[in-house]
Structure formats: structure tokens, C-alpha cells
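Report on the structure
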Amino acid sequence: MPYVSIKRLVDNSLAAMLAAVEVYNKPQMTYRDEVTVMLIVNGWELALKATLRQKNRSIFYPKQRGERYRSVGLDDALGRVAANSLWPVGIDGPAVTANIKALAEYRDRAIHLYNAQGLGAVIYPFLQQNVLNYRDFMLAKFKKDLADSMTWQLLPLGATAPADAVQFMKVDKNATMVAEVQDFIAELRRLMDDAESAGSEMTRVATVYDINMQSVKKMTSADLVVAVSSTADGQVVLRKTDPNQTHPFSMTELLDKVNERHEGRKLTTYDYQAICWKEPLRENTKYAWKHSSGASHVWSGDAVSYLAAMTDDQYDSIRVEYREHLRG
């Protein structure tokens, strides 16, 4: 079996992702969205293969007589990472997989969709969340921070989410292109529905957007409305949702969600108080949010994943420390 350098895989993966961000931020470049997605998907494939090799798992298909070794493709790499339980703690593997597959679907359809106006607006929420997922993944697996290699505060597609914005873009009114857009959106919805049915944290799939198909006449305040019509110009409207949607869980709902996924002892409000005392979760907007005039915090899907991934031993240790703290 051929020797494969984990370091080279990691370095090339990071290079592909950085190149994708650089390409995306060249607004005058033609074929920009397609090239960006191709690079991002390639970056993930290399990162997944590095993860498999890190644990001495094969990244090759069985060798056929008279043929060279063939490394696995993206779908098989995702499957092997999941089968070997190699997703990092706190990262929802099925949700990240749905996000990656959404971009892979766009890549595979690129030859048919390149001139369908407005698809860049459709794919952007998946691109942005993909970069955030990738950053978390590489930090957890290889201690490589994507943000160290980019001036992220200057980029609309970077290591942190952009400011709230509303974008309006035209959808090609050509009937063939309308059908392509509708077909692509249907596939995105299928991927998201499958992830949601599996209990995945949907904030890992797309950056605080929801996907809806509505007629031109019904465009209201949906997060993503794709209005396609063969007789009139449509619009793609992207609206960043507020923290009430990205952090939908109260304390009680948070505990319920965690207890559904946590395999050990069920958590109580006492455990909630103990973990919030021990860990600065309330100060981390990735997990918690509180309105300036609000009385309590609300929690995100990432908070559910974080707490559900902790072991009973970790909770027992925190309970002991918290009890001693209260006595002192």
C-alpha cells in the first residue's frame, strides 16, 4: 500500500481552503462560485483522509490486479470517518456531512448551473458555515487554526460569520434555468431534512439560514426565499436571522435536548448551574446569548452537542467542585 504523509495531506487541505477563500473574495472573477466550491470540497476530502491516516485507517479501495491503488472519494471518506467514530467531540458529524454534501452537489452540477443567476446567493450560507465547520474540525484534529492564515476580519467568507446583511440577486428567468434552480433547491432541502430527521444540529448545516421555496407573490420575511418564474424576474433574498433562531433553547429545553442524546445519567438544573459555574459557556456566543434587557440566557445547538459529549466522570468531577464551592 502506498505511503501517505499525514502532514502533506493536512498542509494541502489548508492550502485548498485558503485558496477557496481567496478566490471567493475576488468579486470580478468569472466562475468564482464554482471554483470556490471545488477547492473547498477538495480541502475537506484531504482533511478527512488525513484523519483516517492519523488513526491508521485505510484511505484506499482494495487493489485490483494490474491496476494502481485508488484512494477513496469524498462520500466514502465521510462514511469511513463516521464508521470509525472520528468526528471530534462537540462537532455534529451528520450535520457537517450534510453541509459538505450540499457543496459537493453544487460542484457536481456546476456544468449545468454555471449560468443560472442567483445560485451564488443560494450556496453562500453553506459556504460560510462550511468554513466555520472546517476551522473547528482542523483545530480539534490537527491543532491548525485557519484564522491564523487569513486576515479574516476583511473577508465576507472567512473564519467568523459576517455582519447581518440582506442581499438581493436576480434569478435567470429562462425556463431551463428555473428548472435547474428548483431542482438544486429540492436537493438542498432533502439533505437538510435528512439531517434534521437524524437529530443533527442544523446550525452546522448552514449559517443561520432557513431554506424555503415560495412564489414571487408570497415573498415575505423568510430567511431564504427563492422566487423563480419563467415569466417575470425573480429574486433571491438572503436575510440573516436573529439570535432567537440561532439560540432557540431555554435552560429547560437545553437540558431536555442534552438528556435525549447523553448516554449517561440525566442532567438536572443543579448540573446546569454547576457546569455554568465551571465553564464560561455563558460568555461564549457560540453557545449562549442573552438580550441586554433579558433575564436569562438562551442556548444554541452547539451547546447541546458540547454538553451531550461530556462523560459522566466529567460531570461527577464538576459536581464535587461545585459542591465544595458552595460550602466555601
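Data block above holds the structure.
Read on for a plain summary of the structure. Bear in mind the structure is a predicted one, so any value in this text is a computation, not a measurement. Counting restarts for each chain, with residues numbered from 1 along the sequence as it is written. Side-chain atom pairs in this predicted model are given and counted only at pLDDT of 80 or more, local residue features only at pLDDT of at least 70, and totals for whole chains, interfaces and linings cover all residues. In computing side-chain properties, one takes all heavy atoms of the structure into account and sets aside hydrogens as well as water.

The next subject is helix α11 (residues 312–327). Helix length check: α11, at 16 residues, gives a terminal C-alpha distance of 23 Å against a target of 22 Å (1.5 Å per residue), a fit within 8%. At its buried positions, α11 is contacted by α9 (269–278) and α10 (301–309). Numbered from the N terminus, helices here are DSSP runs of H or I no shorter than four residues, and strands are runs of E no shorter than two. Here, expected helix span is obtained from the residue count minus one, scaled by 1.5 Å. The contact criterion used throughout is that any non-hydrogen atoms of two residues lie within 4.5 Å.

Here, a salt bridge means any side-chain nitrogen of Lys or Arg that lies within 4 Å of a carboxyl oxygen of Asp or Glu. Evaluation of the coordinates by the stated rule reveals 10 salt bridges. A salt bridge links glutamate 45 to lysine 49; the shortest N-O distance between them is 3.0 Å. Of the two residues, glutamate 45 and lysine 49 both sit in helix α2 (residues 32–54), 4 residues apart, roughly one turn of that helix. Across the pair, lysine 49 and glutamate 45 agree in class, each one buried. Each of the salt bridges in this network shares a partner with another, and the network as a whole consists of Arg265, Asp271, Asp316 and Arg319. For the exposure calls, accessible area comes from a 1.4 Å probe over protein chains only, and a residue counts as buried if that area is under 20% of its type's maximum, exposed if over 50%, partly exposed in between.

The next thing to look at is the environment of threonine 36. Tracing the sequence through the fold places threonine 36 in helix α2. Between the C-alpha atom of threonine 36 and that of valine 21, which follows or precedes it by 15 residues, the distance is 7.1 Å.

With their axes 9 Å apart at the nearest point, α9 and α11 run at an angle of 85° to one another. Considering their axes alone, α9 and α11 lie roughly perpendicular with respect to each other. Two secondary-structure elements touch here, α9 through Tyr270, Asp271, Gln273, Ala274, Ile275, Trp277 and Lys278 and α11 through Ile318, Arg319, Glu321, Tyr322, Arg323, His325 and Leu326. Lys, Arg, Asp and Glu make up the charged group, whereas Ala, Val, Leu, Ile, Met, Phe, Trp, Tyr, Cys and Pro make up the nonpolar group; the residues left over, Gly among them, are polar. When its residues are assigned to classes, the contact of α9 with α11 shows 7 nonpolar, 2 polar and 5 charged. Interaxial angles span 0 to 180 degrees and are taken between N-to-C directions of axes, which are lines fitted to C-alpha atoms, for helices over the stretch in contact. Any angle between 65 and 115 degrees counts as roughly perpendicular, while under 35 counts as roughly parallel, over 145 as roughly antiparallel, and the rest as oblique.

Time to look at the nonpolar core. Nonpolar cores were defined as sets of buried Ala, Val, Leu, Ile, Met, Phe, Trp, Tyr and Cys residues, with membership established by side-chain atoms within 4.5 Å. Counting 55 residues, the largest nonpolar core has Trp44, Leu48, Trp87, Phe126 and Phe137 as its most contacted members. Only α1 (6–24), α2, α3 (74–83), α4 (93–113), α5 (119–142) and α6 (175–197) provide two or more residues apiece to this core. Looking at this core element by element, the count peaks at 10 residues for α5. Leu254, Ile275, Ala303 and Leu307 belong to the second largest nonpolar core, which has 21 residues in total.

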